[in-house]
Amino acid sequence: MKIQINIFFCLLFLNSFSQKYRDLAITPPMGWNTWNTFETSIDEKLIKETADIMVSSGMKDAGYTYIVLDDGWMTMERDKNGDLVPDPKKFPSGMKALIDYVHSKGLKFGLYNCAGIKTCAGYPGTRGYEYQDARFYAGLEIDFLKYDWCNTEGITAKEAYTTMSDALKKAGRPIVFSLCEWGDNQPWNWAEPVGNLWRISGDIYPCYDCEFKHDTWSSWGFFKIAEMHKNIRQFSGPDHWNDFDMMEVGNGMTFEEDKSHFALWCMLASPLIAGNDFRNMSKETLSILTNKELLSINQDTLGIQGFKYREEEELSIWFKPLQNGNWAVSFFNKSNKEIKIDFDWKKHHVIDDINNLETSFNTIKYDIRDVWQHKDLKSTKESFKAVLASHDVITLILKRK
Ligand code: GAL
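Model, not experiment: these values are computed from the prediction. (Residues numbered from 1 in each chain as written. Predicted model: local features only at pLDDT ≥ 70, side-chain atom pairs only at ≥ 80, totals over all residues. Heavy atoms only, no water.)

## Examining the site of the ligand
For clarity, the cut-off: Only a single heavy atom is needed: when it lies within 4 Å of a molecule or strand, its residue is near that molecule or strand. Under this definition, polar contacts are N or O atom pairs within 3.5 Å; protein pairs additionally need one hydrogen-donor-capable and one acceptor-capable atom, and for neighbouring residues in sequence, both atoms have to be side-chain atoms. Here, Shrake-Rupley sampling with a 1.4 Å probe gives the accessible areas, and only protein chains in the shown set may cover a residue. Both site types are read off a 1 Å grid over the protein atoms alone. A 1.4 Å probe that fits but cannot get out defines a cavity, while an open set with protein on both sides within 12 Å along at least five of seven lines defines a pocket; lining residues have an atom within 4 Å of a point. Cavities and pockets are treated as containing a molecule whenever more than half of the molecule's atoms lie within 2 Å of their grid points. Amino acids outside the nonpolar list (Ala, Val, Leu, Ile, Met, Phe, Trp, Tyr, Cys, Pro) and the charged list (Asp, Glu, Lys, Arg) are all regarded as polar, and Gly is one of them.
Taken together, W35, D70, D71, Y112, C120, K146, D148, C180, W182, R199, D203 and M246 make up the full set of residues near the ligand. Within the side chain of D203, a nitrogen or oxygen atom sits 2.5 Å from an oxygen atom of the ligand. Coverage of the ligand by the protein chains reaches 95% of its 310 Å² of free accessible surface. Counting atoms within 2 Å of the grid points, the majority share of the ligand lands in the largest pocket. Class assignment of the residues belonging to the shell around the ligand gives a composition of 6 nonpolar, no polar and 6 charged.

## Focus on the sheet that holds strand β13 (residues 327–333)
Put simply, the rule reads: Whether two strands pair depends on DSSP finding at least two bridges between them. Going along the chain from the N terminus, every DSSP run of H or I of four or more residues is numbered as a helix, and every run of E of two or more is numbered as a strand. Every axis in this analysis is a line fitted to C-alpha atoms, fitted for helices over the stretch in contact. Angles between the N-to-C directions lie between 0 and 180 degrees. Here, residues are in contact when the closest pair of their heavy atoms is within 4.5 Å.
An order of β11-β12-β13-β20-β17-β18 is seen for the 6 strands of this open sheet, with the pairing classed as antiparallel. At either margin of the open sheet sits one strand with a lone partner, and together these are β11 (307–312) and β18 (375–377). Direction aside, neighbouring strands of the sheet carry axes that sit 25 degrees apart on average. Note: strand β17 (residues 366–370) against β18, 3 bridges, orientation antiparallel. Across the sheet, residue I368 finds its bridge partner in β18, namely L377. Contacts between helix α9 (residues 255–267) and the sheet are confined to β12 (315–321), β13 and β20 (393–400), with β13 contributing the most and set at about 145 degrees to the helix.

## Some words on the side chain of S260
Inspection of the secondary structure puts S260 in helix α9. The contacts of S260, once residues within four sequence positions are left out, are Y208, F222, F332, H391, D392 and V393.

## A word on the domain arrangement of the protein
Defined as follows: Boundaries between domains were set according to an automatic or database domain assignment. As used here, buried area is the combined drop in accessible area, with a 1.4 Å probe, of two parts when they are placed together. What counts as a salt bridge is simple: a side-chain nitrogen of Lys or Arg found within 4 Å of a carboxyl oxygen of Asp or Glu.
As far as domains go, the protein holds domain 1 (19–298) and domain 2 (307–400). Between the C-alpha centres of domain 1 and domain 2 the distance comes to 31 Å. Surface buried jointly by domain 1 and domain 2 totals about 2,200 Å² across both partners, of which 64% is contributed by carbon and sulfur atoms. For the domain 1 face of the interface with domain 2, the top three residues by lost area are R233, M267 and E293, together amounting to 31%. Taken together, the connections running from domain 1 to domain 2 amount to 5 salt bridges. A salt bridge links K334 to E227; its shortest N-O distance comes to 2.9 Å.

## Focus: the packing of helix α6 (residues 130–140) against helix α7 (residues 157–171)
For the record, the criterion: Convention used here: angles under 35 degrees read as roughly parallel, angles over 145 as roughly antiparallel, angles from 65 to 115 as roughly perpendicular, and any remaining angle as oblique. The sense of a crossing depends on the near helix, which, turned anticlockwise from the far helix by less than a right angle, makes the crossing left-handed and, turned clockwise, makes it right-handed.
Put simply, α6 and α7 touch, their axes get as near as 8 Å, and they point 45 degrees apart. By the angle class used here, α6 and α7 are oblique. In the packing of α6 onto α7, the handedness of the crossing is right-handed. Of the residues in α7, those touching α6 at E130, Y131, A134, R135, Y137 and A138 are T163, M164, D166, A167, L168, K170 and A171. Partitioning the contact of α6 with α7 into residue classes produces 8 nonpolar, 1 polar and 4 charged.

## Here's the deal with the sheet that holds strand β2 (residues 66–68)
The parallel open sheet is built from 8 strands, whose spatial order is β9-β6-β5-β4-β3-β2-β1-β10. Two strands bound the open sheet, and with one partner strand each, they are β9 (241–243) and β10 (272–274). Direction aside, the axes of adjacent strands within the sheet are offset by 25 degrees on average. Relative to strand β5 (residues 176–179), strand β4 (residues 144–148) is paired through 4 bridges, and the arrangement is parallel. Paired with Y147 across the two strands is L179, which belongs to β5.

## What to know about empty space enclosed by the protein
For clarity, the threshold we go by: Grid points are joined across faces, edges and corners, and a volume is the space filled by probe spheres set on the points.
Evaluated as defined, the whole model comprises 1 cavity of 30 Å³ or more. Approximately 90 Å³ is the volume found for the largest cavity. Lining the largest cavity are N33, V68, F144, K146, S178, C180, L197, R199, D243, D245, M246 and I273. Elements supplying a minimum of two residues to the lining of the largest cavity: β4 and β6 (197–199).

## Re the packing of helix α3 (residues 44–56) against helix α5 (residues 95–104)
Where α3 meets α5, the closest approach of the two axes is 10 Å, and the angle between their N-to-C directions is 10 degrees. By the angle between their axes, α3 is roughly parallel relative to α5. Counting all contacts with α3, which are made through E44, I47, K48, A51 and D52, the residues of α5 involved are L98, Y101 and V102. Its residues assigned to classes, the contact of α3 with α5 comprises 5 nonpolar, no polar and 3 charged.

## A few points about the environment of N196
Its place among the elements puts N196 in the loop between β5 and β6. Distance in space between the C-alpha atoms of N196 and D23 is 8.7 Å, their sequence separation being 173 residues. Discounting chain neighbours no more than four positions away, the residues touching N196 are L24, A25, I175, V176, F177, D239, H240 and W241. From its side chain, N196 meets the backbone nitrogen of F177 in a polar contact 2.8 Å long.

The structure is reproduced here in structure tokens:
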């Protein structure tokens, strides 16, 4: 009897132990990251101001929660105990004080490191210090860790990321674990039990579909990233997301391109991590990032990654199943010219074979909501007609009657 009771409590403990690390990212994580705009030029003033604006601008109310410091927050050497050292010049009040400040605003806090010997920018990496660094992060009370893949010669990704994942759990604090090995080792095949999101590509570049060549690598326009891998949508879902990279909305593209970028990330159920400078964010940028109807597509609790239904000339049409039998649809104009859309719903039969969902507009009628114009349109009984400017997007939610 005594043994049975002990086993019961043991199982209860193990269950609540693992439960603690589950469901940390039940919908795609939303937040802000320093890298796209600031690279390693970061400091506590920038972070505090960004946290303040996250709250005052309505970003927090829209769902943006995480403030993540990317590469460049440390000094070049560990201390004599082997601990990482937040740069005292950049963070004179100390990292813990900054994290407390961000938490006091009702936000969450993230840091960056790398599975290799050094980070991509040359700061101390975590290789060989996994458990020590995890304890360090838990002591600081961070909520999110982005973990990169530079300087990793001789180690395998699955093992390295699993070690860090185990170390984080051992340290005892639930921390969203963001894998950043650029999709090189197909993390979608093995990372579901390891982390909550994984990058599927090299770095994003603020352009529509260009390739921007560096000496040994390239960064990519958002449409290139969206179409880089054809068959990985079945691997993404609640708590384990394909991550299409931090956003470039507000970083120099046209308004139409920013809208398309954001719509695509919403259709793909990608994590939504803003990468612009909040301190001089335009009204247009804010209106894109906080469009609640678009966000409802991204945050839909089914957590299904949308897909390209078809491309006609350079009109690219994407669908995403939503809860309650609804669908989102986006029309992207990839060309340099205006396109006239005349979409006769009745001629279309949309199938999501991975999730066993389909809809035939011949038999089922939907109400249509334009989520950029915030307007109800006619139903799917009539053809949808519109004129779409170059690189612009129309996004509709089809509501089942
Ligand atoms: C890259 C990563 C970027 C950024 C950068 C920092 O590997 O993809 O998102 O974190 O390193 O050095």
